[in-house]
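One-letter residues, chain by chain:
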Amino acid sequence: MTSVLLCSTPVHGHVTPLLAITRHLVDRGHDVRFLTGARYRPAVEALGATWLPLPAAADFDDTDIDGAFPGRVGLRGVKSAQWDLRNIFLEPAPAQLAAIDEAIANAPVDIVLTESLFFGAMLLLGRPPAQRPPVGILGIVPLPLASRDTAPYGLGIPPRPGALGRLRNRVLTLSTERFVFGDLHRAAERLLEQSGGLPLTTHVMNYQSAADATVQFTVPEFEYPRDDVRVPVHFVGPVSRSGPSAVDVELPEWWDDLDSGRPVVHVTQGTVANADLDALVFPTIDALADLDVLVVATTGGRDIPGRPLPANARIARYLPYDRLLPRTAVFVTNGGYGGVHYALEHGVPILATGDTEDKAEVSARVEWSGAGIRLKASAKGLTPSALRAAVQRLLAEESFRANARRIGEAIAASPGPAGLDAVIESVRAEVRR
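Residues numbered from 1 in each chain as written. Predicted model: local features only at pLDDT ≥ 70, side-chain atom pairs only at ≥ 80, totals over all residues. Heavy atoms only, no water.

### Brief notes about the side chain of Thr333
Moving on, step 1. In this structure, Thr333 sits in strand β11 (residues 328-333).
Moving on, step 2. For Thr333, a relative accessible area of 2% translates into the label buried.
Moving on, step 3. A distance of 2.9 Å separates the side chain of Thr333 from the backbone nitrogen of Gly335, its partner in a polar contact.
Moving on, step 4. For Thr333, the contacting residues outside a window of four places in its chain are Thr268, Leu280, Val340, Ile350, Leu351, Ala352 and Thr353. (Helix = DSSP H or I, 4+ residues; strand = E, 2+ residues; numbered from the N terminus. Buried < 20%, exposed > 50% of the residue type's maximum accessible area, 1.4 Å probe, protein only. Polar contact = N/O pair within 3.5 Å; in protein donor to acceptor, adjacent residues only side chain to side chain. Contact = heavy atoms within 4.5 Å.)

### Side note on the sheet that holds strand β12 (residues 350-352)
Moving on, step 1. Spatial strand order, β10-β9-β8-β11-β12-β13: six strands in an open sheet with parallel pairing. Strands at the two margins of the open sheet, each flanked by one partner only, are β10 (313-316) and β13 (372-374). Taking each pair of neighbouring strands and ignoring which way they run, the sheet shows an average axis angle of 15 degrees.
Moving on, step 2. When strand β9 (residues 294-298) meets β10, the two strands line up parallel, connected through four bridges. (Pairing = 2+ DSSP bridges. Axes fitted to C-alpha atoms, helices over the stretch in contact; angles between N-to-C directions.)

### Concerning the pattern of salt bridges
Moving on, step 1. This structure, assessed with the given rule, holds 21 salt bridges.
Moving on, step 2. Linking Asp62 and Arg39 is a salt bridge whose minimum nitrogen-to-oxygen distance equals 2.8 Å. Of this pair, Asp62 sits in the loop between β3 (50-53) and α3 (65-68) while Arg39 sits in the loop between β2 (31-36) and α2 (41-46), and the two are 23 residues apart along the sequence.
Moving on, step 3. For Asp62, a relative accessible area of 12% gives the class buried.
Moving on, step 4. Of the residues examined, Arg39 reaches a relative accessible area of 43% and is grouped as partly exposed.
Moving on, step 5. A single network of salt bridges, built from pairs that share partners, joins Arg148, Asp149, Arg166 and Asp227. (Salt bridge = Lys/Arg side-chain N within 4 Å of Asp/Glu carboxyl O.)

### So, the nonpolar core
Moving on, step 1. The biggest cluster of nonpolar side chains holds 40 residues, and the ones touching the most others in it are Leu5, Leu35, Leu90, Phe119 and Met122.
Moving on, step 2. If you list the elements that add at least two residues to this core, you get β1 (3-7), α4 (77-90), α5 (93-106), α6 (120-125), β5 (135-139) and α8 (182-194).
Moving on, step 3. For this core, the element with the highest residue contribution is α5, accounting for six residues.
Moving on, step 4. Judged by nonpolar contacts, the second largest core, of 29 residues, contains Ala20, Val32, Leu113 and Val236. (Core = buried A, V, L, I, M, F, W, Y, C linked by side-chain atoms within 4.5 Å.)

### Quick notes on the packing of aromatic side chains
Moving on, step 1. In total, this model carries six aromatic pairs according to the counting rule given.
Moving on, step 2. Ring centres of Tyr321 and Tyr342 lie 5.6 Å apart, and the angle between their planes is 80 degrees; on these two criteria the pair is classed as edge-to-face. Residue Tyr321 is found in helix α10 (residues 321-324), and its partner Tyr342 is found in helix α11 (residues 337-345); the two are separated by 21 residues along the sequence.
Moving on, step 3. Over the ring of Tyr224 we find Arg365; its NZ or CZ atom is 4.0 Å from the centre of that ring. (Phe/Tyr/Trp six-rings, centres within 6.5 Å; stacked < 30°, edge-to-face > 60°. Lys NZ or Arg CZ within 6 Å of the ring centre and 35° of its normal.)

### Observations concerning the sheet that holds strand β4 (residues 111-115)
Moving on, step 1. Taken in spatial order, the seven strands line up as β3-β2-β1-β4-β5-β6-β7 in an open sheet, and their pairing is parallel. The outermost strands of the open sheet, each flanked by one partner alone, are β3 and β7 (233-235). Between one strand axis and the next, the sheet turns through 25 degrees on average, direction left out of account.
Moving on, step 2. Looking at chain direction, β2 and β3 are connected through four bridges and run parallel. Within β3, the residue paired with Arg33 across the bridge is Thr50.

### Here's the deal with the pairing of strand β6 (residues 213-216)
Moving on, step 1. Burial along β6 is two-sided: the residues Ala213 and Val215 and Thr214 and Gln216 are all buried.
Moving on, step 2. Where β5 meets β6, four bridges bridge the pair, whose relative direction is parallel. By the bridge assignment for β6, Leu138 is matched with Val215.
Moving on, step 3. As paired elements, β6 and β7 share three bridges and run parallel to each other. By the bridge assignment, Val215 is partnered in β7 with His234.

### Looking at a nonpolar patch on the surface
Moving on, step 1. A surface patch of nonpolar side chains, amounting to about 320 Å² of accessible area, comprises Leu164, Leu167 and Val171.
Moving on, step 2. Here Leu164 shows up in helix α7 (residues 162-180).
Moving on, step 3. Under the relative-accessibility criterion, Leu164 is labelled exposed at 64%. (Patch = residues over 30% accessible without salt bridge, like charges linked within 9 Å, V, L, I, M, F, W, Y side chains within 5 Å. Areas by Shrake-Rupley, 256 points an atom, 1.4 Å probe, with all protein chains shown as cover.)

### Describing the packing of α4 against α8
Moving on, step 1. Direction vectors running N to C along α4 and α8 enclose 25 degrees, while the axes themselves pass 9 Å from each other. Comparing the axis directions of α4 and α8 gives the class roughly parallel. Where α4 crosses over α8, the handedness of that crossing is right-handed. Residues Leu85, Arg86 and Leu90 of α4 pack against Asp183, Leu184, Ala187, Ala188, Arg190 and Leu191 of α8.
Moving on, step 2. Of the residues belonging to the contact of α4 with α8, the class tally is six nonpolar, no polar and three charged. (Parallel < 35°, antiparallel > 145°, perpendicular 65-115°, else oblique. Left-handed = near helix turned anticlockwise from the far one by under 90°. Nonpolar A, V, L, I, M, F, W, Y, C, P; charged D, E, K, R; others polar.)

### So, helix α1 (residues 12-27)
Moving on, step 1. For α1, built from 16 residues, the straight-helix expectation of 22 Å at 1.5 Å per residue is met to within 8% by its first-to-last C-alpha distance of 22 Å.
Moving on, step 2. Residues of α1 that are buried include every one of His14, Val15, Pro17, Leu18, Leu19, Ala20, Ile21, Thr22, His24 and Leu25, and no others.
Moving on, step 3. Remark: Gly29 follows α1 within two positions and exhibits a positive phi of approximately 90 degrees. (Expected span 1.5 Å × (residues − 1).)

### A short note on the environment of Ser147
Moving on, step 1. The residue Ser147 is located in the loop between β5 and α7 in this model.
Moving on, step 2. Side-chain polar atoms of Ser147 contact the backbone nitrogen of Asp149, separated by 3.0 Å.
Moving on, step 3. At 2.5 Å, the side chain of Ser147 and the side chain of Asp228 are in polar contact.

This is the structure in structure tokens:
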């Protein structure tokens with residue numbers, strides 16, 4: 001039995017994938033402790049793991065991020081990313097590290113597994129390997145490791161081959177590290193110095209390169225190749241598959257309409273960035289109102305608005321993906337990593353519109369892989385003509401579906417969370433040498 005310490009920032013989109021990992025590790029008989037926010041204690045304990053509380057300085061209510069962090073209100077684009085990374089993710093790192101140390105003092109820890117924005121792991125990695133447990137990064141967002149083959153993470157810029165591409169990447173990396181995230185790096189250096197850690201040997205946005213391993217929850221077909229990355233990266237496939245839901249989802253009365261013969265276009269904003277359905281769901285419904293398709297939307301659990309729908313549109317809070325996606329011709333999304341993998345698992349081509357947080361990187365990979373189209377909003381937002389034209393291309397051009405199926409086949413052959421087992425054992429064996 002292995003003693004595993006899981007760590008996550010108390011944010012739904014970070015915790016939820018780690019709960020699937022928790023379930024697997026518990027089922028395998030491991031001793032699992034999960035360090036995260038108080039809101040997630042019931043979910044952790046329901047899986048048979050031990051919940052460990054984050055200190056007050058590192059815990060907050062992620063159902064009201066703006067209320068917990070009023071300084072971010074009104075910020076957009078780069079300024080929003082800078083503020084969030086500094087205040088929501090980096091500043092809690094010392095309190096996170098203190099909680100890790102307390103967990104280790106209370107009981108042995110064979111390996112620490114953490115999502116990449118849990119910056120307490122950066123401080124832990126600042127210690128010599130002999131003074132800490134092995135640390136593995138759980139890749140629940142696109143791989144952020146810096147490389148001469150890729151543009152800096154967060155810009156949503158796909159690779160460009162050849163010497164010119166590498167020159168472009170170098171220029172972008174130097175300017176991004178110095179100007180965009182320079183203050184963040186200097187703040188991280190101060191925190192490391194205060195904690196007694198070794199100086200950073202890379203930029204703070206690439207601190208994961210110091211880990212003992214990275215377990216990336218995708219397949220190589222959906223990630224940029226990098227020939228200069230030295231940390232072991234293990235591709236194990238998506239953390240979750242679209243199997244039968246653990247909670248019964250009542251089918252809506254219109255469910256049989258899916259078999260009407262019209263192509264089904266599914267649009268969703270996921271379960272996190274869905275407070276304003278006018279960002280993508282309703283613009284897509286309106287843009288496709290005059291096409292011979294059936295538009296099926298989900299609110300991600302939000303109440304269904306009372307506004308009237310076109311005759312070819314249907315909406316529900318949730319729908320079972322294991323039954324919906326085999327009937328779906330096009331998947332329209334703001335770029336959530338999990339939702340995109342669900343679509344790819346079923347070989348469904350994707351229209352991705354994300355331009356914030358990790359969603360810009362997900363959308364860029366959709367385009368790069370050939371599995372779909374990336375649609376960037378204009379100054380006026382997502383226009384009806386652009387949405388309609390993109391969906392029509394995805395329906396008409398077989399190459400998109402062929403590439404989605406190719407990636408779906410790789411996903412079907414991947415182990416998912418079970419792939420963690422070999423990684424944990426290999427890391428522990430390396431420590432014993």
